Structure formats: C-alpha cells, structure tokens
Amino acid sequence: MSSSDTEMEVKSEAVPDETTISVKDEELELDPEDSVKKEETGTAADNEVKADPVKKDTGKVDLAGDDEFTGGLGVFKEALKQFAANPDEDVTVYHLTEKCKKVSCYVGIDEAGRGPVLGPMVYSIFACVADEESINEKKKKGQSLSKIEDCPPVLLDKLSKLNDSKQLTEKVREEIFQKFSDLDYIAFGLKIISPSQIANKSYRRQKYSLNEVSHNAAIELIQGFADRGIKIERVYVDTVGPMDKYQKKLELTFPDLRFKVDKKADSKYKPVSAASVCAKVTRDVALKKWKFPDAENIDLGLAKGWGSGYPGGNAHSYYVYYGVCCCHC
C-alpha cells in the first residue's frame with residue numbers, strides 16, 4: 001500500500017436556549033426505504049466476501065472492539081472512540097491516499113441514520129480513482145464522456161459484492177469496509193453527527209431543517225476533500241429533498257466542480273455505494289457502543305439488544321428520537 005495520510009477533527013456547537021420547535025415532519029422528506037431496514041436475502045455463500053485479514057494471524061476483525069489499527073481502520077476507530085467519549089459532539093475524519101491527490105477520482109456521498117430514531121446520523125464521502133483503461137475502451141467504441149459518466153468505470157468495480165449497503169449483510173459490509181483500508185486508490189471522509197446537535201438545531205426559532213443538516217454535512221465533506229488536495233473529476237450524491245434544488249445548491253457552492261444528484265445513487269454509482277457502506281458500518285458500530293445517559297434507570301434488555309434504531313427493526317427495542325427516550329415493544 002502506498003503512503004497515506006490520516007487526519008481527524010472534532011467539532012461541536014453550543015446548545016441554543018430557544019425552545020420553539022420549528023421543524024415540521026414533512027420537511028424531513030424521509031425516504032421510506034431508508035426508514036425500514038431491509039431483510040437480508042441469499043445464502044451465506046452468496047453474500048460472503050473473502051477479505052484479507054487486516055492484522056496477521058488475528059482472524060476476523062471486530063470493528064466494535066478496542067484493537068488498534070493503522071490507515072483507514074485506525075482513523076475509523078479513533079473517530080468512534082472520540083464520539084463514544086462525547087456523544088454530544090460531531091466528529092469529522094478523513095483517510096487520504098497520495099494516488100487520489102494525483103489521479104482523477106470520481107466521488108460519491110451518502111448517509112446512514114436519517115430515518116432511524118436511535119444514535120447518530122453519519123455522512124460519508126468516498127473518492128475512487130477512475131479506471132482509465134475501461135474509459136478508453138468505451139471511447140474507442142464510440143461512447144461519449146457524458147454517456148460513460150452515467151455509470152463511470154472506477155477501480156472499485158473490481159471489488160466483489162460492493163453495492164448499496166442496505167442490500168448487504170452486516171458481515172459483508174464489514175468485510176468490504178476492512179478492504180477499503182488496504183486500497184491505495186481510494187480516499188474517504190466520515191462525519192458522525194450527534195443526535196444532540198440535530199435536536200438542538202431543530203429547537204431553534206430560526207428554521208434549521210434536517211435537510212439543511214444533511215446538505216451542510218455533504219458540503220463540509222466536499223470542501224474537506226478539496227482542501228486536502230483530492231483530485232475530483234465529478235461528484236455523485238444520493239439526493240436529500242428535490243434533486244434539482246439540491247444540485248443547484250451544490251453547483252453554486254462549488255462552481256468549479258461537476259455534480260450528479262440522483263435518486264438511489266447508492267445502487268447506481270460505485271463511489272456512492274462505497275460511501276453508503278462506510279456510513280452504515282460506522283453507524284452500526286456506534287450503536288453497538290451506545291450508552292443512555294440514565295441507563296441505570298432503564299431496563300435495556302441487553303440480552304436482546306435494542307435493534308438497529310430503525311422503526312422497522314427488532315420488535316423489542318428501546319429507541320431514542322434525538323435525545324427523547326421511549327419504549328417500542
């Protein structure tokens with residue numbers, strides 16, 4: 001693996017004093033498919049990805065454990081450690097590689113946790129070097145660049161089973177995520193958004209919707225890549241709210257970049273699929289480490305767990321809706 005850089009930033013916002021709720025339910029524009037965790041399908045053999053061990057002779061890596069790792073996994077683990085220590089603060093991290101600073105990359109953005117009522121929302125940005133050999137082959141066959149970019153060839157195409165994270169089992173997601181740490185042609189960023197921060201913004205008198213939280217997280221991550229020298233060819237984004245309005249907002253913010261905001265982008269474009277996996281794995285591990293502030297007064301039923309945090313998750317689960325505890329039985 002070529003040399004890589006790792007960076008981490010911890011950011012927080014002051015808690016506002018206002019108590020007027022200004023965000024209406026219809027403004028959240030939640031995707032119904034993102035609100036209910038899909039059932040896992042296929043056999044174990046169909047879904048399994050053969051991943052190289054991250055550490056020699058250690059077997060399968062427990063991403064929720066306390067082992068120390070380098071590279072992308074090291075950044076990931078440190079981010080979760082920081083969030084677990086102070087879940088009222090957002091955490092932003094980047095894993096960079098030199099190749100992504102020198103060769104054109106296609107970039108994807110997706111999130112996990114927009115529909116669930118427990119734990120943080122996680123945004124991810126993911127860059128992958130373009131597969132120039134495949135692109136040149138398509139050009140020789142007469143395809144235009146605009147047509148090629150409808151589904152841009154990237155080196156991630158060689159990674160087996162990569163897809164929208166909702167279509168993969170937890171095991172496959174984790175194995176794919178482990179592989180990301182060893183690839184020299186990718187870079188990614190993660191923003192763990194505290195449920196406290198989301199709740200605080202929703203209580204402001206000046207309207208600040210969940211759509212704005214989502215858009216600003218994406219903008220921050222794009223700027224983070226640009227500031228760190230990632231060579232961006234085009235950015236593909238899974239939409240939040242109206243596609244045209246979101247795309248125009250991004251184009252006005254970054255006039256030198258090209259964007260494609262699309263529905264179901266996580267199943268159409270590999271960089272968005274990869275971002276989807278990064279966000280989902282991060283959120284899942286954060287949930288495994290979740291602690292309620294008044295846990296001593298709540299029977300958490302740890303033997304059964306509290307599920308995924310999605311309304312359609314396990315039947316016996318405890319949920320927190322951005323800081324408000326309730327029992328779903």
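Residues numbered from 1 in each chain as written. Predicted model: local features only at pLDDT ≥ 70, side-chain atom pairs only at ≥ 80, totals over all residues. Heavy atoms only, no water.

For the protein chain, the name recorded in an unreviewed UniProt entry is Ribonuclease, with Orchesella dallaii as its organism. Heading Catalytic activity (unreviewed entry) of the UniProt record for the protein chain holds this comment: "Endonucleolytic cleavage to 5'-phosphomonoester." UniProt annotates the protein chain under Sequence similarities (unreviewed entry) with the comment "Belongs to the RNase HII family." (UniProt positions renumbered as here; feature names shortened; annotations may be inferred.)

Structural notes on the packing of aromatic side chains
By the definition in use, this model includes nine aromatic pairs. With a centroid separation of 6.2 Å and an interplanar angle of 45 degrees, the aromatic rings of Y94 and F225 are classed as tilted. Residue Y94 is found in strand β2 (residues 90-97), and its partner F225 is found in helix α10 (residues 210-227); the two are separated by 131 residues along the sequence. By relative accessible area, Y94 is classed as buried at 2%. Ring centres 4.8 Å apart and planes at 55 degrees place the aromatic pair F126 and F180 in the tilted group. Taken together, the residues F126 in strand β4 (residues 121-129) and F180 in helix α8 (residues 170-180) connect sequence positions 54 residues apart. (Phe/Tyr/Trp six-rings, centres within 6.5 Å; stacked < 30°, edge-to-face > 60°. Helix = DSSP H or I, 4+ residues; strand = E, 2+ residues; numbered from the N terminus. Buried < 20%, exposed > 50% of the residue type's maximum accessible area, 1.4 Å probe, protein only.)

Quick notes on helix α13 (residues 270-288)
Between the first and last C-alpha of α13 there are 27 Å, a value that for 19 residues agrees with the 27 Å anticipated at 1.5 Å per step. α13 sits mainly inside the fold: 17 of its 19 residues count as buried. (Expected span 1.5 Å × (residues − 1).)

Description of the pairing of β4
Here β4 lies mainly inside the structure; nine of its nine residues are buried. Residues of β4 alternate between two faces, with M121, Y123, I125, A127 and V129 on one and V122, S124, F126 and C128 on the opposite face, all of them buried. Bridge analysis of strand β3 (residues 105-112) against β4 gives eight bridges, and the strand direction is antiparallel. Residue Y106 lies in a different strand from β4, and its bridge partner there is C128. Bridge analysis of β4 against strand β5 (residues 186-193) gives eight bridges, and the strand direction is antiparallel. (Pairing = 2+ DSSP bridges.)

Notes on the side chain of E149
Along the chain, the position of E149 falls in the loop between α7 (145-148) and α8. Discounting residues that sit within four places of it in the chain, E149 has contacts with Y106, E233, R234, Y236, R258 and Y269. (Contact = heavy atoms within 4.5 Å.)

What to know about helix α4 (residues 71-85)
Turn by turn, an α-helix covers 3.6 residues, leaving residues three or four places apart pointing in a common direction. Look at α4: 21 Å from first C-alpha to last across 15 residues, which is about the 21 Å you get at 1.5 Å a residue. If you check which residues of α4 are buried, you get G72, L73, G74, V75, F76, K77, A79, L80 and F83.

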